[in-house]
Amino acid sequence: MTVTPAPSITLSNGVQMPQLGLGTWPMNDTETAAAVASAIGLGYRHIDTAEKYGNETGVGEGVRQSGASRSDLFITTKFCRQWHSADGVRQACEASLKRLGMDYIDLFLMHWPNPEQDQYVETVGAMSRLIDAGLVRAIGVSNFKTTHLQRLFDADLVPHVNQIQLDPYHLRADIVAVHRAKGIATGAWSPLGRGSAMLSDPAITAAAEHHDRTPAQVVLRWQTQSGYVPIPKSSNPSRQTQNLDSFDFTLSEAEMTAMNALDRPDPGMLDSDVFGH
Ligand code: A2P
């Protein structure tokens, strides 16, 4: 079965980004190659990986197995803290390209700000040179809080994307408001709350029943109706299908409001002022 590919959003530099992608953490190269080939066969056009996941080689392998042409795909990867410098980010990019077996990356992200290293401003500043060199099409950051973003703005830098943990239990409203004001696209990692109890929340199951959809489809529709770009991970072809097949119904304003009321403090959440790689 194939599903209609996800619609795209337009990044602030004009690049088109499919509004739903396949997440690949935590899969090894072999699992990733199979999941990526399956997903592309089903209609996925956007794949998200990272140096840290150790599966960029598997992404490249899955893309080749799928037979899809590179220009039809949108590939995101992310680099680690050891490359935080103007020269380092170019080396990181070339190393990712080699592992992927590709000659460009669609979206290249700084994985974590690592503020104790205090090199993220300089490094993001150097990333636009990768676009000039034709190695990447768009650049961004991940796990940036408003304070980190503000330091970029102070240096006249506005990333195209900030990919953060975001789901109906983690609304991240302060960060999203800054994105909207600055034209930054919001990527959502763990958009399904890692398949957690959130999927049994009554506000979500009620909407699922009403639309004859699964709770995961309702959460993903909440993500895309909010304008976010979710990257649900699934190695299971039927869940991959279900996740992509989530654009052809519309949650009502009341359903969106009920889901927007689910935000809750989460002391277990990774804090990018202290955690990073
Ligand atoms: P699986 O790979 O076996 O499908 P997230 O992207 O939020 O981190 O969630 C990923 C987790 O959610 C994985 O454990 C994945 O398991 C599971 N998952 C992915 N899609 C669905 C779905 N449609 N329904 C329920 N669980 C899902």
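Predicted model only: the values in this text are computed from it and were never measured.

**Observations concerning unusual backbone geometry**
Among all residues save glycine, negative phi is the norm, and among peptide bonds the norm is trans. Between tryptophan 25 and the following residue, proline 26, the backbone shows a cis peptide bond with an omega angle of 0 degrees. Counting through the fold element by element, proline 26 comes out in the loop between β3 (22–23) and α1 (29–42). One non-glycine residue, asparagine 143, lies in positive phi territory at about 65 degrees. With respect to the secondary-structure elements, asparagine 143 resides in the loop between β7 (136–142) and α5 (146–154). Judged by relative accessible area, asparagine 143 falls into the buried class, the value being 7%. Positive phi outside glycine occurs at aspartate 156, with the angle close to 65 degrees. With respect to the helices, strands and loops of the structure, aspartate 156 is situated in the loop between α5 and β8 (161–165).

**Here's the deal with the site of the ligand**
In the vicinity of the ligand, 16 residues are found, and the nearest of them are Lys233, Ser234, Arg239, Gln242 and Asn243. Glycine 193 has a polar backbone atom sitting 3.4 Å from an oxygen atom of the ligand. For the ligand, a nitrogen atom lies 2.8 Å from a polar atom in the side chain of glutamine 242. Relative to its unbound accessible area of 570 Å², the ligand is 79% covered by the protein chains. Per element, the largest residue contribution to the shell around the ligand is three residues, and it comes from helix α9 (residues 237–244). Among the residues forming the shell around the ligand, the class breakdown is five nonpolar, eight polar and three charged.

**Observations regarding helix α8 (residues 215–225)**
Along an α-helix, residues three or four positions apart point the same way, because every turn accommodates 3.6 residues. Extensive coverage of α8 is indicated by the burial of nine of its eleven residues. For α8, the full list of buried residues reads Ala216, Gln217, Val218, Val219, Leu220, Arg221, Trp222, Gln223 and Thr224. For α8, the secondary structure elements touched by its buried residues are β9 (185–189), α7 (202–211), β10 (229–230), α9 and α10 (253–260). Two residues or fewer past α8, glycine 227 is found with a positive phi of approximately 95 degrees.

**Section: α10**
Every buried residue of α10 is accounted for by Glu255, Met256 and Met259. Each buried residue of α10 lies within a common arc of 100 degrees when the element is viewed along its axis, so the set occupies one face. Exposed positions of α10 whose direction lies more than 90 degrees from the buried face are Glu253, Ala254 and Thr257. The inward-facing, buried residues of α10 abut α7 and α8.

**Notes on the packing of aromatic side chains**
How two aromatic rings sit relative to each other is given by the distance of their centres and the angle of their planes. Under the counting rule described, the total for this entry stands at four aromatic pairs. Residues phenylalanine 79 and phenylalanine 108 carry aromatic rings whose centres are separated by 5.1 Å and whose planes lie at 40 degrees to one another, so their mutual orientation is tilted. Pair noted here: phenylalanine 79 is in strand β5 (residues 74–79) and phenylalanine 108 is in strand β6 (residues 105–110), with a separation of 29 residues, a long-range link. Overall, the relative accessible area of 0% leaves phenylalanine 79 in the buried class.

Criteria and thresholds
Counting starts from 1 at the beginning of each chain's written sequence and moves along it residue by residue. Under the rules for a predicted model, residues below a pLDDT of 70 receive no local features and side-chain atom pairs below 80 are neither given nor counted, while totals for whole chains, interfaces and linings still include all residues. Calculation of side-chain values draws on the structure's entire complement of heavy atoms; hydrogens and water are dropped beforehand. A run of DSSP states H or I qualifies as a helix once it reaches four residues; a run of E qualifies as a strand once it reaches two. Both are numbered from the N-terminal end. For the exposure calls, accessible area comes from a 1.4 Å probe over protein chains only, and a residue counts as buried if that area is under 20% of its type's maximum, exposed if over 50%, partly exposed in between. Only a single heavy atom is needed: when it lies within 4 Å of a molecule or strand, its residue is near that molecule or strand. Counting of polar contacts relies on pairs of N or O atoms within 3.5 Å, with two restrictions inside protein: one atom must be capable of donating a hydrogen and the other of accepting it, and residues adjacent in sequence are counted only when both atoms are side-chain atoms. We get accessible surface area from the Shrake-Rupley algorithm with a probe of 1.4 Å; when it comes to residues, only the shown protein chains can shield them. Classification used: nonpolar for Ala, Val, Leu, Ile, Met, Phe, Trp, Tyr, Cys and Pro, charged for Asp, Glu, Lys and Arg, polar for all others including Gly. Every residue pair with non-hydrogen atoms within 4.5 Å of one another is taken to be in contact. Directions are taken from the helix axis to each C-beta atom, and the arc is the one they span. Think of it this way: a Phe, Tyr or Trp ring, Trp meaning its six-membered ring, pairs with another when their centres are within 6.5 Å, and the plane angle makes it stacked under 30 degrees, edge-to-face over 60, tilted otherwise.

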